[in-house]
Amino acid sequence: MRRIRYEHIGGPRALFQEEVPVPEPGAGELLVRIEAIGVTLPVVRKVREGTQPIPLGGELAGEVVRVGEGVSGYAPGDRVTGLCFGHGYAEYALLHTAMASPVPAGATAKDAVALVRSGVVALGALEAARPEKGESVLVTAAASGVGHLALQLARLRGASRVVAAVGDPAKADFVRSFGADAVVTYDQGGWGEPVDIVLDAVGGELLTPAVKALAPGGRLVAYSSGGGTIEAYDLLVGGKSAIGFQVAIVARTQPQRYAGWIEELWRLFGEGALRPAVHAEFALADAARAHATIEGRVNQGKVVLVP
């Protein structure tokens, strides 16, 4: 089978394609013939900035072709999606049942990789802020795979005003089409009227203006892999809070809650209330172009690889 790998840190140019045997599923694992792979910013950053090469894992969706020892609830022919921690940029990959979920009839593999993982991050980050009906929400990286879902979910959870923060004003029409009442760019002197909640996917230098954008008692939820620091005094003034969110912790320690989020996402999708957007599809051999699209911050919605 074909697989994408890298042997040194160096960004998209470090990626190359190789031929390797199809893996065998171990205990609790599914062997999946991949139909779509979601490209994520954390994986892109690891190829560019990591300390050492790692398997290119991430979101995938496809058809189960074999099951490992002890697997129940899944069988060959089932359509599944989930998070792969091994080699996921490939024609076949191993998916542990703990990180797998069914793809309902009527949904495509591209729908699954655009909706489930990104939607769980968006929904989990929103819930971490303990939102109350009528509060206002600002979403950074609002045109991203997670961000455009967070805009919609904030509205569905009762936000009175939803603000999209983007790096490029050319993305304004896109984020407005997904429910943003107002659009601000990172380089503005201020981000307008203060909000109750900021969902931040960028980190770094953007944390300071994100905290400043909060109203008294406001909450910042940081779920970025970009790092950064927040001055404690900036939180003290106005009684603001900073909350860290990582979906892997919830999946590992609260599996029922994690499964409930996935169920809610598919329900909203089936009702037509939640619309995942795919910015571009790339062939597996073009994984470098897909990574360059994410690094260039030009995507509006999800970037997908199709083996």
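Residues numbered from 1 in each chain as written. Predicted model: local features only at pLDDT ≥ 70, side-chain atom pairs only at ≥ 80, totals over all residues. Heavy atoms only, no water.

Undergrad: Explain the side chain of arginine 117 to me, and be specific about the residues and the numbers.
TA: Take arginine 117: it is sitting in helix H2 (residues 109-128). We note that arginine 117 is buried and unpaired, the nearest opposite charge coming from glutamate 59 at a distance of 5.1 Å. (Helix = DSSP H or I, 4+ residues; strand = E, 2+ residues; numbered from the N terminus. Buried < 20%, exposed > 50% of the residue type's maximum accessible area, 1.4 Å probe, protein only. Lys, Arg positive; Asp, Glu negative; His and termini not counted. Salt bridge = Lys/Arg side-chain N within 4 Å of Asp/Glu carboxyl O.)

Undergrad: Could you give me a rundown of the packing of helix H1 (residues 41-49) against helix H9 (residues 287-295), with the residues and numbers involved?
TA: Their axes nearest at 10 Å, the elements H1 and H9 cross at an angle of 105 degrees. Here H1 lies roughly perpendicular to H9, going by the angle between them. Counting all contacts with H1, which are made through Leu41, Val43, Val44, Val47 and Arg48, the residues of H9 involved are His291, Ile294 and Glu295. The class makeup of the residues in the contact of H1 with H9 is five nonpolar, one polar and two charged. (Axes fitted to C-alpha atoms, helices over the stretch in contact; angles between N-to-C directions. Parallel < 35°, antiparallel > 145°, perpendicular 65-115°, else oblique. Contact = heavy atoms within 4.5 Å. Nonpolar A, V, L, I, M, F, W, Y, C, P; charged D, E, K, R; others polar.)

Undergrad: Quick one: what's the story with H9, residue by residue and with numbers?
TA: Of the positions making up H9, those classed as buried are Ala287, Ala290, His291, Thr293 and Ile294. Angular distribution of buried residues about the axis of H9 spans 155 degrees; they occupy a single face of the element. Elements in contact with the buried residues of H9: strand S1 (2-5), strand S3 (29-39), H1, strand S14 (278-283) and strand S15 (302-306). Looking at the residues trailing H9, positive phi occurs at arginine 297, about 55 degrees. (Arc of directions from axis to C-beta.)

Undergrad: Residues and numbers for the sheet that holds strand S9 (residues 161-166), please.
TA: Judged by pairing direction, the sheet is parallel, and its six strands sit side by side in the order S10-S9-S8-S11-S12-S13 without closing on themselves. The open sheet terminates on both sides in strands that have one partner only, identified here as strand S10 (182-185) and strand S13 (241-244). Each strand axis lies, on average, 20 degrees off the axis of its neighbour in the sheet, ignoring direction. Bridging between strand S8 (residues 136-139) and strand S11 (residues 195-200) involves three bridges; their strand directions are parallel. Considered in S11, the bridge of valine 137 is made with isoleucine 197. Its contacts with the sheet put helix H3 (residues 147-156) on S8, S9 and S11, and the angle it makes with S9 is roughly 170 degrees. (Pairing = 2+ DSSP bridges.)

Undergrad: Before we move on, can you summarise a nonpolar patch on the surface with the specific residues and values?
TA: Taken together, the side chains of Tyr233, Leu236 and Val237 present a nonpolar region at the surface, about 360 Å² in accessible area. Mapped onto the elements of the fold, leucine 236 is located in helix H6 (residues 232-236). Look at leucine 236 and you get exposed, because its relative accessible area is 63%. (Patch = residues over 30% accessible without salt bridge, like charges linked within 9 Å, V, L, I, M, F, W, Y side chains within 5 Å. Areas by Shrake-Rupley, 256 points an atom, 1.4 Å probe, with all protein chains shown as cover.)

Undergrad: Before we move on, could you go through the packing of aromatic side chains and cite the residues and values that matter?
TA: The geometry of an aromatic ring pair comes down to the distance between the two centres and the angle between the two planes. Counted under the stated rule, the structure contains four aromatic pairs. Taking the centre distance of 4.9 Å and the plane angle of 55 degrees together, the rings of phenylalanine 174 and phenylalanine 178 count as tilted. Summarising the aromatic geometry, the rings of tryptophan 266 and phenylalanine 269 are spaced 5.5 Å apart at their centres and angled 85 degrees between planes, so their arrangement reads as edge-to-face. A residue pair is termed a helical-turn pair when its members lie 3 or 4 positions apart in one helix, as tryptophan 266 and phenylalanine 269 do in helix H8 (residues 255-270) at three residues. A relative accessible area of 11% means that tryptophan 266 is categorised as buried. Judged by its relative accessible area of 21%, phenylalanine 269 is partly exposed. (Phe/Tyr/Trp six-rings, centres within 6.5 Å; stacked < 30°, edge-to-face > 60°.)

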